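Letter by letter, the chains look like this.
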Amino acid sequence: MARIFSDHAVLQRDQPITVWGTASAGRKVTVMLGDRVVGGNADAQGKWTIQLPPQSAGGPYTLTVTADGQTVSRNDILIGDVYLCAGQSNMEFAVRASTNAMGATYGARNDQLRYLNIQKNSAATPQAELKAPVQWTTLTPETVGEASAVCYYMARSLQAQYKIPVGFVNASWGGTMIQSWIGAESLRSLSDYREGVEAVAQYGADPAAAMHAEDARSEAWWRAHDPAAAAQRAWIAPDFDDSAWPSVTPAGSWKDSGVAGFKDFDGVAWYRTAVTLTEAQAKAANRLQLGPVDTYDSTWVNGVRVGGAGLPWTWREYAVPQGVFKPGRNVIAMRVLSGGTGGGLSGPPTSRNVIMADGQTVPLPATWKVQRGSAMTGLSVRPAPWDVPTSLTTLYNGMIAPLLGYKFKLVAWYQGEANAGEEAANPGGPQEYRTLLSLLMRDWRQRFAQPALPFFVVQLPAFGSPARTPGYSAWAELRQAQAQTVAHDAHAGLVVTLDAGDRFDIHPTQKTVVGERLARIARTVAYGENPAPGSPAPISARRVGRNIVIAFRDTGSGLATYSSDKAFGFEVCARKACRYADARVSGDTVVLPGAGTAATTRVRYAWADAPFVNLFGGDGLPAGPFELDVK
């Protein structure tokens, strides 16, 4: 059976149950779940897919597959509701690190609640199978700590209410962009990504040719931006004589290295080292690990480009094609462009190794040769389109595609931090996010063959410096994109988290609050209960005499302000110029006294990376940020 079918698995109730796997080509295959038995045949490639009729919640059952006289069984199978949770680090964030984790741990024992963590896998082509064997895990005090906190607290709340088995699947990867999670056919429909998606496909079909093309593209960029790039290209050659270069043991910013000329330097530096491998090691070596690099690198082994990336906190680990490493001396060359704050190979020397296919390592020398290149600032280098965390489609290929065939009750999506900034790999920034989020939702619904699959989006929390004056906020722009996407989707819901953020930490620990709010939305959208409104949402902003009146829906018996008789964070704008405005609650409206001048064109609320807010609905949910034209 496919790896997702392990002991303790939970299968989606009231939907056809698809089971798949491999067998000898053409062989008859029989699947039995409880007292249901269905037969089929493996195709010419040895793949089989068999669909069982829908079943109501229950279990435990044994799932058995028989072919060629052989039987494979999975035990303790439950039928209930299955949730798919995905995104970046705030979805990946584990229960053990969350606020109130002690109480959650002691009370975790629940045989009707199980989870599955999908192993991280970036793939250039859609994968039919998960990267490695996985195991559905029953909830106990010993196991709950490794579960996604947001997903667990949501699932715990819903399972307690509906008293049916619940399983949740966590497919998340910190720091990744939404473009990584969308299938190639969908992402290719956007002209800005067509070329990159094609390059990823080429990398899947012929990695050497794709890397050669990427090397040519990268060098063309460098020659257009650095007059010395053409001459310095010779520095990647294995036989280049670097003996006159200074030596350094890189372990942080090059500004602190003590090497002459680097104390206040921003720009390009070249690093070279060599490692000796035996014939057996050279044959088995398939990856190069370099630790974090600040900020943009291009890396060659024996003159062959093997990778490059552009975020200072990501650890570089590059696949190296067979035959690139040689018996004897192997030269690693790196070109590093600083991001203006540090520069260089910033991790410890122990983070740099040649990795073998069996996981063994050969450490690189601690000492490298270094040479200063051109001084430059304000430049950013676009990584290859298959490089995580800014890759295109590769996380869909490696972590979502292997799940196709499974059915889900809902999807919870917590991502967007990586898309909030304007970066070379993210030309659209937050303005483009609405298009991408809608595309992701449509893509997954189509691929899972669940056109009405509920999709719940966790809005970005407060993080960063508080605003002293009104201005631009990438995080506010992205929150607006999330809210607008959900507002135009009948099967979606939004969780506002402004009050559960941490302006000093991009990973706020109040995951119980987020999970409970997800569960609240799910009760309405996924389970069809009588409407239980989410956060207050604005309907309109109108001039009424000298005032502006903003009407809200979903106020839960009326708006309220905490710790003041005024609402914080409202702004009135005359075209691009905005100022803070007095604001007072009146039932389901907020009134901005005296703001209804002819010059006022729009109003904003909580328009900052880390706004302080005190406007809530009567049921204790915060109003989300918004921008509205004044009518």
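Preceding block: the structure.
Below: a short report on this structure. Computed from a predicted structure; not experimentally measured.

## Focus: the sheet that holds strand β28 (residues 570-574)
Line of reasoning, step 1. Sheet architecture is open: 4 strands sit in the order β29-β28-β32-β34, paired in antiparallel fashion. The strands lining the two open edges of the sheet, one partner per strand, are β29 (577-580) and β34 (626-629). On average, each strand axis in the sheet is tilted by 25° relative to the strand beside it, whichever way the strands run.
Line of reasoning, step 2. Pairing of strand β32 (residues 602-605) with β34, which is carried by 4 bridges, proceeds in the antiparallel orientation. Counted as the bridge partner of Tyr 605 is Phe 626 from β34.

## Things to note about the pairing of strand β23 (residues 455-458)
Line of reasoning, step 1. Residues Phe 455 and Val 457 line one face of β23 and the alternating positions Phe 456 and Val 458 line the opposite face, and both faces are buried.
Line of reasoning, step 2. Sheet topology note: the strand β22 (residues 410-414)/β23 ladder contains 3 bridges and is parallel. Bridge pairing in β23 places Ala 412 opposite Phe 456.
Line of reasoning, step 3. Each parallel crossover has a hand, and for β23 linked through helix α11 (residues 474-487) to strand β24 (residues 492-495) it is right-handed.

## Considering empty space enclosed by the protein
Line of reasoning, step 1. Taken as a whole and judged by the stated rule, the model has 4 cavities of 30 Å³ or more.
Line of reasoning, step 2. What the largest cavity holds in volume is close to 100 Å³.
Line of reasoning, step 3. Along its surface, the largest cavity is lined by 17 residues, and Asp 297, Ser 298, Arg 305, Ala 309 and Val 381 are the ones closest to its centre.
Line of reasoning, step 4. Breaking the lining of the largest cavity down by element, the ones donating at least two residues are α6 (207-225), β14 (296-301), β15 (304-309) and β17 (328-337).
Line of reasoning, step 5. A total of 4 residues in the lining of the largest cavity trace back to one element, the largest contributor, which is α6.
Line of reasoning, step 6. For the lining of the largest cavity, the per-class residue count stands at 8 nonpolar, 3 polar and 6 charged.

## Here we look at the packing of aromatic side chains
Line of reasoning, step 1. Considering all chains together, one arrives at 28 aromatic pairs under this definition.
Line of reasoning, step 2. Each ring, one from Tyr 115 and one from Phe 168, has its centre 5.7 Å from the other, and the planes form 20°; the classification is stacked. Linking Tyr 115 in strand β8 (residues 110-117) with Phe 168 in strand β10 (residues 166-172), this pair joins segments that are 53 residues apart in sequence.
Line of reasoning, step 3. Here Phe 168 falls in the buried class, since its relative accessible area comes to 0%.
Line of reasoning, step 4. With centroids separated by 6.4 Å and ring planes inclined at 80°, the aromatic side chains of Tyr 271 and Trp 368 adopt a geometry described as edge-to-face. In this pair, Tyr 271 is assigned in strand β12 (residues 267-277) and Trp 368 in strand β21 (residues 368-375), connecting sequence segments 97 residues apart. Of the two residues, Tyr 271 and Trp 368, both sit in the buried class.

## Let's talk about the pattern of salt bridges
Line of reasoning, step 1. For the structure shown, the criterion picks out 28 salt bridges.
Line of reasoning, step 2. Put simply, Asp 266 and Lys 255 hold a salt bridge, and the shortest N to O gap is 3.0 Å. Taken together, the residues Asp 266 in the loop between β11 (247-248) and β12 and Lys 255 in the loop between β11 and β12 connect sequence positions 11 residues apart.
Line of reasoning, step 3. Overall, the relative accessible area of 19% leaves Asp 266 in the buried class.
Line of reasoning, step 4. Bridged by salt links that share partners, the residues Asp 215, Glu 219, Arg 233 and Arg 335 form one connected network.

## Structural notes on the state of the cysteines
Line of reasoning, step 1. As enumerated under the stated definition, the model contains 2 disulfides in all.
Line of reasoning, step 2. Residue Cys 85 pairs covalently with Cys 151 via a disulfide, S to S 1.9 Å. Note on the Cys 85 and Cys 151 pair: the S-S dihedral is about 70°, so by sign convention the disulfide is right-handed. Remark: Cys 151 occurs in helix α3 (residues 149-162) and Cys 85 occurs in strand β7 (residues 70-87); sequence separation between them is 66 residues.
Line of reasoning, step 3. Given a relative accessible area of 0%, Cys 85 falls into the buried group.
Line of reasoning, step 4. The residue that forms a disulfide with Cys 573 is Cys 578, at a sulfur-sulfur distance of 2.1 Å. Looking down the S-S bond of the Cys 573 and Cys 578 bridge, the torsion is 105°, so its handedness is right-handed. Each member of the pair, Cys 573 together with Cys 578, is buried.
Line of reasoning, step 5. Here the disulfide map of the protein chain reads 1-2, 3-4, the bonded cysteines being numbered as they appear in the sequence.

## What to know about α3
Given 3.6 residues to a turn, an α-helix orients residues that are three or four positions apart in the same direction.
Line of reasoning, step 1. Here α3 contains 14 residues, and its C-alpha end-to-end distance of 20 Å stays within 8% of the 20 Å for a straight helix at 1.5 Å per residue.
Line of reasoning, step 2. By the criterion of burial, α3 is predominantly enclosed, with 10 of the 14 residues buried.
Line of reasoning, step 3. Those residues of α3 that sit buried are Ala 149, Val 150, Cys 151, Tyr 152, Tyr 153, Met 154, Ala 155, Ser 157, Leu 158 and Gln 159.
Line of reasoning, step 4. N-capping of α3 is provided by Ser 148, with a side-chain oxygen placed 3.3 Å from the backbone N of Cys 151.
Line of reasoning, step 5. Immediately beyond the C-terminal end of α3, within one or two residues, lies Lys 163, with a positive phi of roughly 55°.

## Considerations on the nonpolar core
Line of reasoning, step 1. Counting 102 residues, the largest nonpolar core has Trp 444 and Phe 570 as the members making the most contacts within it.
Line of reasoning, step 2. Broken down by element, this core gets its largest block of residues, 7 residues, from helix α10 (residues 429-447).
Line of reasoning, step 3. If sequence neighbours within four positions are ignored, Trp 444 has contacts with Leu 84, Ala 86, Trp 181, Tyr 396, Ile 400, Val 411, Trp 413 and Phe 455.

## A closer look at the packing of helix α5 (residues 191-205) against α6
Line of reasoning, step 1. α6 packs onto α5 with a crossing angle of 140° between their chain directions and a minimal axis gap of 5 Å. One finds that α5 runs oblique with respect to α6. Packed against α5, whose contacting residues are Ala 199, Gln 202, Tyr 203 and Ala 205, the element α6 presents Pro 207, Ala 209, Ala 210, Met 211 and Ala 213 at the interface.
Line of reasoning, step 2. In terms of residue class, the contact of α5 with α6 is built from 8 nonpolar, 1 polar and no charged.

## Re the packing of α10 against α11
Line of reasoning, step 1. At a closest axis distance of 8 Å, the pairing of α10 and α11 adopts a crossing angle of 35°. For the crossing formed where α10 meets α11, the hand is right-handed. Residues Pro 430, Gln 431, Tyr 433, Arg 434, Leu 437, Ser 438 and Met 441 of α10 touch α11, and the partners they reach there are Ala 474, Glu 477, Leu 478, Ala 481, Gln 482, Gln 484 and Thr 485.
Line of reasoning, step 2. When grouped by side-chain class, the residues that make up the contact of α10 with α11 number 7 nonpolar, 5 polar and 2 charged.

## Some thoughts on unusual backbone geometry
Line of reasoning, step 1. That bond from Gly 59 to Pro 60 is cis: its omega, 5°, falls within 30 degrees of zero.
Line of reasoning, step 2. Looking at the element boundaries, Pro 60 is found in strand β6 (residues 58-67).
Line of reasoning, step 3. Omega for the peptide link from Val 388 to Pro 389 comes to 15°, which places this bond in the cis form.
Line of reasoning, step 4. Tracing the sequence through the fold places Pro 389 in the loop between β21 and α9 (394-400).
Line of reasoning, step 5. Although it is not a glycine, Asp 76 sits at a positive phi angle of roughly 60°.
Line of reasoning, step 6. Turning to its location among the elements, Asp 76 is positioned in strand β7.

Calculation criteria
Residues numbered from 1 in each chain as written. Predicted model: local features only at pLDDT ≥ 70, side-chain atom pairs only at ≥ 80, totals over all residues. Heavy atoms only, no water. Pairing = 2+ DSSP bridges. Helix = DSSP H or I, 4+ residues; strand = E, 2+ residues; numbered from the N terminus. Axes fitted to C-alpha atoms, helices over the stretch in contact; angles between N-to-C directions. Buried < 20%, exposed > 50% of the residue type's maximum accessible area, 1.4 Å probe, protein only. Right-handed = clockwise from strand over helix to strand, strands pointing away. 1 Å grid on protein atoms, 1.4 Å probe; cavity = no way out; pocket = protein on both sides within 12 Å on 5 of 7 lines; lining within 4 Å. Points joined across faces, edges and corners; volume = space filled by probe spheres on them. Nonpolar A, V, L, I, M, F, W, Y, C, P; charged D, E, K, R; others polar. Phe/Tyr/Trp six-rings, centres within 6.5 Å; stacked < 30°, edge-to-face > 60°. Salt bridge = Lys/Arg side-chain N within 4 Å of Asp/Glu carboxyl O. Disulfide = S-S within 2.5 Å. Expected span 1.5 Å × (residues − 1). Polar contact = N/O pair within 3.5 Å; in protein donor to acceptor, adjacent residues only side chain to side chain. Core = buried A, V, L, I, M, F, W, Y, C linked by side-chain atoms within 4.5 Å. Contact = heavy atoms within 4.5 Å. Parallel < 35°, antiparallel > 145°, perpendicular 65-115°, else oblique. Left-handed = near helix turned anticlockwise from the far one by under 90°.

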